[in-house]
Amino acid sequence: MTAIQANGLVRCFGDLRAVDGIDLEVAEGEIYGFLGPNGAGKSTLVRMLCTLLLPTSGSAQVAGFDLVAQANELRFAIGVALQDAALDDRMTGLEILQTQGRLFGLRSTEINQRIQELAPILDMSALKALVSTYSGGMKRRLDLAASLMHSPSVLFLDEPTTGLDPQGRLRVWEEVRRLNRELGMTVFLTTQYLEEADELCNRIGIINNGKLVAEGSPAQLKRSVGIDVVVARLESGHDNASDALAGIDSVQSVERHGDELIIGTSDGSRALSPIALAFGRVDVPVIELALRTPTLDDVFLEITGNRMEEVDL
Amino acid sequence: MMSTPETNPAKQRVIVARPTGFLRDVLSIAIRSVRQLPRDLEAVIPALIIPLFFLVINVGSLQDVANFTAIEIDYKAFQLPVAIIFAVTGVSRAPALVLDIQNGYFDRLMLTPVSRRALLIGHIVADFALVVLLVMPVLVFGFIIGIRFPTGPFGVVTFIVMGALWGVAYTGFPYAIALRTGNPGAVNSSFLLFFPFAFITSAFVPIEAMTGWLGAAAHYNPVTYLLEGLRSLFLEWDAWALGKSLLAITGVGLLSQTFAFAALKRRVARG
């Protein structure tokens, strides 16, 4: 069964088309990642799919419910952790979970049971403390736990690890995997971290300027770039080093990032020697020459013409 | 009745969400709002001090002047309803609601199936509890300085309930501003609305003793009739005065809550 289906979803703010005709199909039990830079339309799409915003046009169903006509039924089926932890600092963690449980019709014993089940992601010793005393990571995890109180079948996570330290990020990843593996929960997450999308997601959609520009498994997307990448780290001060590569047939593209040259080539292993020799001929000292497979950042570059971090700036 | 999509493992869990009903939604929001009261003392303490301050100052400075007017009751009793109005007017959980909007918790509530009207009514229920609490110290102070109710204990209860109803009736204005603007500064400045309500009235002398434009304006101020109703409880049961008082509360309540619910509708619209 399809957990999320969107057809031509559009959301405008004045003249701006923040989401511009997105078609989407996410299978039940899938972890689907929406990858894109800030302002690409990720959060707007999530806010539509979780009933906070109406689409300007198009339609969508989540867990079988239409997001316009059956919004209230849909809310029973979804859990949502928004980009900024939506918590009240003047409540304790326990009060937030209890209020959340009550609003979803859980009885006191059920609320207590759910809190015990969610213990792995909660800081149980801090549950009776005011949220204002929590660290950023503790708030994120409490927000995630609150969104899981009613055992939703589809979980939306809008940039769930932004602002977390590496340890906190790993903890959230592990919980997402566990929810998916043990409960079969469908997870739709947005992220601007390539590594996160690569690590967690069965499939990835790349969004740019409100449009879905590519979709597939991480491996499929990387293969779609169709090239290997040779990274050459040079001593500084050799601004014209890329000119030395002009005569090498297998070199398809050269891009400079500081002291690094990112060289796209159809056959990385065969191109390594000619590249090394070319630098030697023009006396450009090479500190490191490495061959790697394409990353999602390369995919993003190939599709949009920009690197993720460049668009963020 | 909800239709159920095809089964998936997450839905086979023992604990499942279920519709709650409007009253339970109101109760859940009200419980949360009341729980926060002791954590928002800075919003409550001025409402405890200001009415006592005005009661002491008004009685001390105006009692002798008032003797020249046709006041039928002791001036301390004449001023007690004014102190009650000062205690309960404009006191609400609207600043807390603005914080909810600003910190995103309002969005979290919107992601639940809670009745949207319960988001406001729950706070208003908490306000009723708050204003009853605020009336008490003023009333106790009144007893200490010798004010008595010839209408007996039921008169005291009527006094408290009417004061609390007025407080709740007025809350629609700060809620409307909170929901419309989401701005704490705007909510704090909503007390400016309170000045014409409180001062262009028979707060200091009976309406009969007021002349010129002030007297004319006071005739149209619902608080004048509220004060008359409350003051009547220091004489004898007066159904006509109490009826006009309740009518004034109802009129202001309908007006302010219409604004508040219109603002709520706009705030929860998904447009």
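This one's a predicted model, so the numbers in the text were calculated from it and none came from an experiment. (Residues numbered from 1 in each chain as written. Chains lettered and ligands numbered in written order. Predicted model: local features only at pLDDT ≥ 70, side-chain atom pairs only at ≥ 80, totals over all residues. Heavy atoms only, no water.)

Novice: I'd love a proper account of the sheet that holds strand E13 (residues 260–265) of chain A, names of residues and values included.
Specialist: Residue and element names in this part refer to chain A. In space, the four strands of this open sheet follow the order E12-E13-E11-E14, with antiparallel pairing throughout. Each end of this open sheet is capped by a strand with a single partner; those strands are strand E12 (251–257) and strand E14 (286–292). The average undirected angle you get between the axes of adjacent strands in this sheet is 20 degrees. Bridge count between strand E11 (residues 228–234) and E13: six bridges; the pairing is antiparallel. Counterpart to Arg233 in the pairing with E13 is Glu260. On top of the sheet, helix H9 (residues 268–281) reaches E11, E12, E13 and E14; it is set at about 165 degrees to E14, its chief contact. (Pairing = 2+ DSSP bridges. Helix = DSSP H or I, 4+ residues; strand = E, 2+ residues; numbered from the N terminus. Axes fitted to C-alpha atoms, helices over the stretch in contact; angles between N-to-C directions. Contact = heavy atoms within 4.5 Å.)

Novice: An account of the pattern of salt bridges is needed here, citing residue identities and associated values.
Specialist: All names here are of chain A. Taken as a whole and judged by the stated rule, the model has 28 salt bridges over all chains. A salt bridge links Asp89 to Lys139, with the shortest nitrogen-to-oxygen separation between them at 3.5 Å. Taken together, the positions of Asp89 in the loop between strand E6 (78–81) and helix H3 (93–103) and Lys139 in helix H5 (residues 136–148) put the pair 50 residues apart, joining distant regions of the chain. Three or more residues joined by partner-sharing salt bridges are found here, namely Glu174, Glu175, Arg177, Arg178, Arg181, Glu182 and Glu199. (Salt bridge = Lys/Arg side-chain N within 4 Å of Asp/Glu carboxyl O.)

Novice: An account of the pairing of strand E8 (residues 186–191) of chain A is requested, with residue identities and associated values reported.
Specialist: Residue and element names in this part refer to chain A. Counted residue by residue, E8 has six buried out of six residues, so it is predominantly covered. Of the two faces of E8, the one holding Thr186, Phe188 and Thr190 and the one holding Val187, Leu189 and Thr191 are both buried throughout. Where strand E3 (residues 31–35) lies against E8, five bridges are found, and the strand directions are parallel. Within E8, the position partnered with Ile31 by the bridge is Val187. Bridge count for strand E7 (residues 154–158) against E8 is five bridges, and the pairing is parallel. Following the sheet pairing, Val154 is matched in E8 by Thr186. The parallel pair E7 and E8, bridged by helix H6 (residues 166–183), forms a crossover whose chirality is right-handed. (Buried < 20%, exposed > 50% of the residue type's maximum accessible area, 1.4 Å probe, protein only. Right-handed = clockwise from strand over helix to strand, strands pointing away.)

Novice: Pulling in residues and values, what's your account of the packing of aromatic side chains?
Specialist: Residues and elements named next belong to chain B. Counted under the stated rule, the structure contains 21 aromatic pairs over all chains. Ring geometry for Phe143 versus Phe149: centroids 6.0 Å apart, planes at 55 degrees, classification tilted. Its relative accessible area of 30% is what places Phe143 among the partly exposed residues. Taking the relative accessible area as the measure of exposure, Phe149 reaches 10% and is therefore buried. Following the ring pairs from residue to residue traces out a cluster consisting of Phe53, Phe54, Phe86, Phe194, Phe195, Phe199 and Phe204. Between Arg231 and the ring centre of Phe78, over which it is positioned, the NZ or CZ distance is 3.4 Å. (Phe/Tyr/Trp six-rings, centres within 6.5 Å; stacked < 30°, edge-to-face > 60°. Lys NZ or Arg CZ within 6 Å of the ring centre and 35° of its normal.)

Novice: A description of the nonpolar core should follow, citing residues and the corresponding values.
Specialist: The biggest cluster of nonpolar side chains holds 148 residues, and the ones touching the most others in it are A:Ile4, A:Leu24, A:Leu45, A:Leu49, A:Phe156, A:Phe188 and B:Trp166. Setting aside chain neighbours within four positions, we find B:Trp166 in contact with B:Ile85, B:Val88, B:Thr89, B:Phe197, B:Val223, B:Leu226, B:Ile249 and B:Val252. Counting residues in hydrophobic clusters, the runner-up holds 15 residues, among them A:Leu245, A:Ile248, A:Leu261 and A:Val284. (Core = buried A, V, L, I, M, F, W, Y, C linked by side-chain atoms within 4.5 Å.)

Novice: Outline the pairing of strand E1 (residues 2–13) of chain A, supporting the account with residue identities and numerical values.
Specialist: All names here are of chain A. Of the pairings in the sheet, the one linking E1 to strand E2 (residues 16–27) comprises nine bridges and is antiparallel in character. Paired with Gln5 across the strands is Glu25, a residue of E2. Connecting the antiparallel pair E1 and E2 is a turn made up of two residues, with Gly14 showing a positive phi of about 65 degrees. Two strands pair when backbone bridges link them, and E1 and strand E4 (residues 57–62) are joined in this way by five bridges, in the antiparallel orientation. Directly across from Gln5, in E4, lies its bridge partner Gln61.

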